[in-house]
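Chains, contacts and geometry: an overview
Chain residues, written in single-letter form:
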Amino acid sequence: MAKKRFAFVIEIERCIDCKACMVSCSVENNVPVGHHRNWVDQIGPKGTFPVLGMSFEPGNCNHCGNPPCERVCPTGATYRRDDGLVMIDQDKCIGCKYCIEACPYDARYLNEETGVTDKCSACVHRIYNGEEPACVATCVGNARHFGDINDLQSEVSRLLATNDYYRMYKEAGTQPAIYYIFKGGRKI
Amino acid sequence: MTHEFHWGVLIVNYLFLAGISAGSFATSGLANYVGGKKYEPIARLGAYIAPFPVMIGTLLLLFDLGRPLNFWRLFVTVQWTSPMSIGTWLLTFFIAISLAYFVLWLPVSLRNFIRIPHRLKDLLRLSRWTRLTEEEVRRGKLVLGGLGFPFSIGVGIYTGILLGAVPARPFWNTPMVAQLFLFSAMSTGVGTILLIRSLFFRREVSHQEKMLLNSVDAALILFEIFLIIPFILHQRLSTWSHAEAIKIIMGGSLTFYFWIGVILLGILVPLSLEIYELWQIVVKKHLTGHRLNLGLISGALVIIGGFTLRYVFVYAGQISHFLPVR
């Protein structure tokens, strides 16, 4: 069996900006007040009245294939697992914040309570128990999907096979693993 | 988008202090190597300064950590892709060498005060430490100066690579930041020596000494100018991310600090003063120098400029952001 490569697939047109993913993530992962591991960005409004458009672009850690945060970590605390998830070894992290600077997605924050950096873990404690990550499970519009893109039968693989998609800042060489489906590509 | 600054004034100070140490050490080593007796005051003062600013700086670094007590994790690993990890080791060796170099420069009476535990002495074969002959001390200074020189360059240049290695921050993400920080580090080191010599030993400063300090610093400042010009041009002419980033100092929030603090006060004014001093000595044969203490002014301005440069770069980099192609 091929190596796992976990990825998120997000259907932009299904997102209604309810931010339930942010709330469920904070509850699930005990994220300190003032920080978030995921977010919903607003794109637009664009056009001129009466021809207007606006959409929402949810995001979180891209679990990059070539993570800039891992590269700059001076203690090896940030590492990439075989299944594609980028994780932080809380014992090794010294809180130097270099990875926060290095991340083009601003996906990381310093947890002031523990003094170490934190970010989306793709709810690694849930996904191997047959559950979806909290943000995916809670998404009311069914915009968020998660799965193994190396498994050709998975929901995410089927979505990617039949839709056009973009990945954010892939020009930075990060090989991000959030695939955004938006009919006709990213628009602003 | 609001900007949260993760690296603040502690980091600015650290980069600045490490630069002064690197510059003082390199200046001292060079002065000792080329000049012998003639430039001895410069070499001595540089050796006295070198270990201490960087030690204060690394202490500041510890306070900046989210978990300062976990700092030892840096010393149990080498991460080749992380400039911070490489820098940790460079700093360790640099501080050790500059401390030993400092001790060799101490007058014999003071050197004898330094007590090393006997067991460590035997281990390091330092049992003759306090009874070194003049010749051994002279050779030791040359060896340590030569050994430490690449480390001082390393400390000077790594501070810039630390910032430059981050594609997510286009203001930093150019190789010129590393060069700029290196020359600025060397310049602040020379400036510190110039400042202290002019402030406390004005009557003793010989014209050869003045020539060396002023000409070396003027050359370093010129290098800085020839890096800042292409830095701005390349940022302007590069991708959208870079073009947007450079606006921070071209009309944006740090414009004043950059153009007044770095360019005018830190570069143009001290450069003019140093060239004026050199002109007075070389052309006018006016060896006593201007009635105003120009070395004091240019030394202080170079230091202010070096600090402001780091302030501008640390904050501007964090404001700048990688932007998508749309």
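Placed above this text is the structure.
Residues numbered from 1 in each chain as written. Chains lettered and ligands numbered in written order. Predicted model: local features only at pLDDT ≥ 70, side-chain atom pairs only at ≥ 80, totals over all residues. Heavy atoms only, no water.

1. What about the interface of chain A and chain B?
What counts is decided by this rule: Here a residue-residue contact requires only that any non-hydrogen atoms of the pair lie within 4.5 Å. Joining two parts hides part of their accessible area as seen by a 1.4 Å probe, and the buried area is that hidden amount summed over both. In what follows, salt bridge is the name for a side-chain nitrogen of Lys or Arg lying within 4 Å of a carboxyl oxygen of Asp or Glu. Secondary structure counts use DSSP, requiring at least four H or I residues in a row for a helix and at least two E residues in a row for a strand, with both numbered from the N terminus. As a working rule, the residues Ala, Val, Leu, Ile, Met, Phe, Trp, Tyr, Cys and Pro are called nonpolar, Asp, Glu, Lys and Arg charged, and the rest polar, with Gly in that last group.
With 31 residues of chain A at the contact, the number on the chain B side is 35 residues. The largest contributions to the chain A side of the interface with chain B come from Ile-94, Tyr-98 and Glu-101 of chain A, which together make up 26% of the buried area. Where chain A touches chain B, the interface holds three salt bridges. Here Glu-101 of chain A and Arg-169 of chain B are joined by a salt bridge, their closest N and O atoms 3.3 Å apart. A total of four residues in the side of chain A that touches chain B trace back to one element, the largest contributor, which is helix H3 (residues 98-102) of chain A. Per-class residue counts for the side of chain A that touches chain B are 16 nonpolar, seven polar and eight charged.

2. Here we look at the environment of Gly-19 of chain B
Residues and elements named next belong to chain B. Note the following rule: Each residue gets one of three labels from its accessible area relative to the maximum for its type: buried under 20%, exposed over 50%, partly exposed in between, using a 1.4 Å probe on protein chains only.
Assignment of secondary structure puts Gly-19 in helix H1 (residues 9-35). With relative accessibility at 3%, the residue Gly-19 sits in the buried group. Sequence separation of Gly-19 and Leu-182 is 163 residues, and the distance between their C-alpha atoms is 7.6 Å. Beyond its immediate stretch of four places on either side in the chain, Gly-19 contacts Ala-185 and Thr-188.

3. Section: the nonpolar core
As a reminder, the rule being used: Within this scheme, the nonpolar core is defined by two criteria: the residues are buried Ala, Val, Leu, Ile, Met, Phe, Trp, Tyr or Cys, and they are joined through side-chain atoms within 4.5 Å.
Counting 86 residues, the largest nonpolar core has Phe-171 and Phe-313 of chain B as its most contacted members. When residues in this core are grouped by element, the largest group, 12 residues, is from H1 of chain B. For Phe-313 of chain B, the contacting residues outside a window of four places in its chain are Leu-163, Phe-171, Trp-172, Val-177, Leu-180, Phe-181 and Phe-231 of chain B. With 32 residues, the next largest nonpolar core counts Ile-10, Trp-39, Ile-127 and Val-136 of chain A among its residues.

4. Quick notes on the sheet that holds strand E1 (residues 6-11) of chain A
Residues and elements named next belong to chain A. For the record, the criterion: Pairing between strands is defined by DSSP: at least two bridges between them are needed. Here an angle of 0 to 180 degrees is reported between the N-to-C directions of two axes, which are lines fitted to C-alpha atoms, with helices fitted over the stretch in contact.
Read across the sheet, four strands follow the order E8-E1-E10-E9 without closing on themselves; strand pairing throughout is mixed. Of all the strands in the sheet, the pair left with one neighbour each is strand E8 (144-148) and strand E9 (165-166). As paired strands, E1 and strand E10 (residues 178-181) are joined by four bridges and run parallel to one another. Note on E10: the bridge partner recorded for Glu-11 is Ile-181. Packed on one face of the sheet, helix H6 (residues 155-162) meets E1, E8, E9 and E10 and runs near 110° to E8.

5. Concerning a nonpolar patch on the surface
Convention followed: Each patch is built from residues lacking any salt bridge and having more than 30% relative accessible area; the joining distance is 9 Å for like charges and 5 Å for nonpolar side chains (Val, Leu, Ile, Met, Phe, Trp, Tyr). Note on areas: Shrake-Rupley, 1.4 Å probe, and residue coverage restricted to the protein chains presented here.
On the surface, Met-250, Phe-256, Tyr-257, Trp-259, Ile-260, Leu-264, Leu-265 and Leu-268 of chain B cluster together into a nonpolar patch covering about 700 Å² of accessible area. Looking at Leu-268 of chain B, the relative accessible area reads 40%, which means it is partly exposed.

6. Looking at the pairing of E1 of chain A
All names here are of chain A. Buried residues dominate E1, accounting for six of its six residues. Side chains Phe-6, Phe-8 and Ile-10 project from E1 onto one buried face, and the interleaved Ala-7, Val-9 and Glu-11 project onto a second face that is buried too. Sheet analysis places E1 next to E8, joined by five bridges and oriented antiparallel. Bridge pairing in E8 places Val-9 opposite His-145.

7. Structural notes on the pattern of salt bridges
Residue and element names in this part refer to chain A. Taken as a whole and assessed by the stated rule, the structure comprises 15 salt bridges over all chains. Between Lys-19 and Asp-17 there is a salt bridge; the shortest N-O distance is 3.1 Å. For Asp-17, a relative accessible area of 21% puts it in the partly exposed group. Among the ionic pairs, Asp-83 bridges to Arg-81, the shortest N-O distance being 2.7 Å. You can call Arg-81 partly exposed: its relative accessible area is 25%.

8. Overview of unusual backbone geometry
Residue and element names in this part refer to chain A. With an omega dihedral of 5°, the bond running from Gly-44 to Pro-45 counts as a cis peptide bond. Looking at where Pro-45 falls in the secondary structure, it is placed in strand E2 (residues 38-48). That bond from Phe-49 to Pro-50 is cis: its omega, 5°, falls within 30 degrees of zero. Topologically, Pro-50 is positioned in the loop between E2 and strand E3 (51-60). Of note, the phi angle at Asn-30 is positive, near 55°, even though the residue is not glycine.

9. Quick look at H6 of chain A
All names here are of chain A. Formally: In this context, the arc is that of the directions from the helix axis out to the C-beta atoms.
For H6, the set of buried residues is Val-156, Ser-157, Leu-159 and Leu-160. For H6, the angular spread of buried residues about the axis comes to 160°, placing them on one side. Along H6, the residues that are exposed and aim more than 90 degrees away from the buried face are Arg-158, Ala-161 and Thr-162. Where H6 is buried, its residues meet E1, E8, E9 and E10.

All we've got here are geometric facts, nothing functional implied.
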